[in-house]
Amino acid sequence: SAPNSAPSAPAAIRLQDAGSRLALAPKGSHLYFADAGQFWRVSLPSGDPQRIPVTASMALDVRPPAPIGWIPPAPSTRISLRAVMAPSIAPDGSTLAVMAGGLLWEQPLAAGGAARQVDTGKAFARDPIYSPDGRSLAYVASENGRRTLNVYDLGTRQAKTVFATGGAAWPLYPSWGPGGTRIVFQHTTDLGAPFRIVIVNVADGRTQEIARTVGSWVARPHFSGDGRSVFFTNRPGKIGALYRVAT
């Protein structure tokens, strides 16, 4: 007798949405899925997708858009901090600078010492780091869409901007060079974008780009002890590596 004919192979269906979810009818007669903003049905074992019309209407109550901005807590407000970040210890080992609640603080390490807020105005501040002589703090600030790398004089309690940028760009992870005349930092131009390693002269704000990278990464650039090189990390592939660039 003639052999039984093989069942026809299912038709290939090319989906545009990678996260499409499939649903199979209880008796296996049909396959349902959503793709490209439409609802589809396929007759099994083989068949072409057929679009199922779906009509829906709804009413939405939309609130007016809220202005985006950082509002620091009032000096008399007591808040519970959820995170204390980016600690930097003073060269003499007496004080720790940290970021908490979008503000900068100095915490004496002696028993019973109370934290003192560093006056950075209304800006969101991060990445504090002491200068080699312990008299200044470099930090990153963000206010009204403008991001700056600042140097705060702990004696005069005055800050000056040494680098500024805007948009989605940030100057991040500053680190002082020997002698306190230069700061190296990571300059990112967009979220997830490759970044640059930049050196800025504290006295006049002149910048020198020393490296460009690929991929998004936390480089944490640092000067060598003699100031002749900068070390940073990067991950151009699957494995991170340490790099050195002469300055």
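What counts, and at which threshold
- Residues numbered from 1 in each chain as written.
- Predicted model: local features only at pLDDT ≥ 70, side-chain atom pairs only at ≥ 80, totals over all residues.
- Heavy atoms only, no water.
- Helix = DSSP H or I, 4+ residues; strand = E, 2+ residues; numbered from the N terminus.
- Buried < 20%, exposed > 50% of the residue type's maximum accessible area, 1.4 Å probe, protein only.
- Areas by Shrake-Rupley, 256 points an atom, 1.4 Å probe, with all protein chains shown as cover.
- Phe/Tyr/Trp six-rings, centres within 6.5 Å; stacked < 30°, edge-to-face > 60°.
- Lys NZ or Arg CZ within 6 Å of the ring centre and 35° of its normal.
- Pairing = 2+ DSSP bridges.
- Salt bridge = Lys/Arg side-chain N within 4 Å of Asp/Glu carboxyl O.
- Core = buried A, V, L, I, M, F, W, Y, C linked by side-chain atoms within 4.5 Å.
- Contact = heavy atoms within 4.5 Å.

Now, about the overall build of the chain: what can you tell me, with residues and values included?
Per the secondary structure count, the chain includes 0 helices and 19 strands. When each of the 247 residues of the chain is scored for burial, the buried share is 32%. Total accessible area computed for the chain in this model is approximately 16,200 Å², and 53% of it derives from carbon and sulfur atoms.

Lay out the packing of aromatic side chains with the relevant residues and their values.
For the structure on display, the rule yields 2 aromatic pairs. Measuring from centroid to centroid gives 4.9 Å for Phe163 and Phe185, while their planes differ by 50°, and the two rings are tilted. Of this pair, Phe163 sits in strand S12 (residues 158–166) while Phe185 sits in strand S14 (residues 182–188), and the two are 22 residues apart along the sequence. Across the pair, exposure class does not vary: Phe163 and Phe185 are buried alike. Ring centres of Phe232 and Tyr243 lie 5.6 Å apart, and the angle between their planes is 15°; this geometry places the pair in the stacked category. Here Phe232 is found in strand S18 (residues 229–234), whereas its partner Tyr243 is found in strand S19 (residues 241–246), with 11 residues between them in sequence. Among the residues examined, Phe232 registers a relative accessible area of 5% and is labelled buried. A cation over a ring is seen here: Arg126 above Trp170, with NZ or CZ 5.9 Å from the ring centre.

Describe in detail the sheet that holds S19, supporting the description with residues and values.
Reading across from one edge, S17-S18-S19 is the order of the 3 strands in this open sheet, with antiparallel pairing throughout. Unpaired on one side and paired on the other, strand S17 (222–223) and S19 mark the two borders of the sheet.

Could you give an account of the pattern of salt bridges, with specific residues and numbers?
Within the structure shown, the criterion is met by 5 salt bridges. The salt bridge partner of Arg116 is Glu106, with a shortest N-O separation of 3.7 Å. One end of the pair, Arg116, is in strand S8 (residues 116–118); the other, Glu106, is in strand S7 (residues 103–108), and 10 residues separate them in sequence. The exposure class of Glu106 is buried, given its relative accessible area of 12%. Notably, a salt bridge pairs Arg126 with Asp127, separated by 3.1 Å at the nearest N-O pair. Its relative accessible area of 22% is what places Arg126 among the partly exposed residues. Here the salt bridges share partners, and the residues they tie into one network are Arg196, Glu209 and Arg212.

Talk me through the nonpolar core; I want residue IDs and the actual numbers.
One finds Leu149, Trp176 and Ile183 to be the most contacted residues of the largest nonpolar core, which totals 16 residues. Contributions of two or more residues to this core are made by strand S10 (136–143), strand S11 (146–153), S12, strand S13 (170–176), S14 and strand S15 (195–201). The element that contributes the greatest number of residues to this core is S13, accounting for 4 residues. Beyond its immediate stretch of four places on either side in the chain, Leu149 contacts Tyr139, Val140, Lys160, Thr161, Val162, Phe163, Pro171, Pro174, Ile183, Phe185 and Val200. Judged by nonpolar contacts, the second largest core, of 13 residues, contains Ala90, Leu137, Ala141 and Tyr152.

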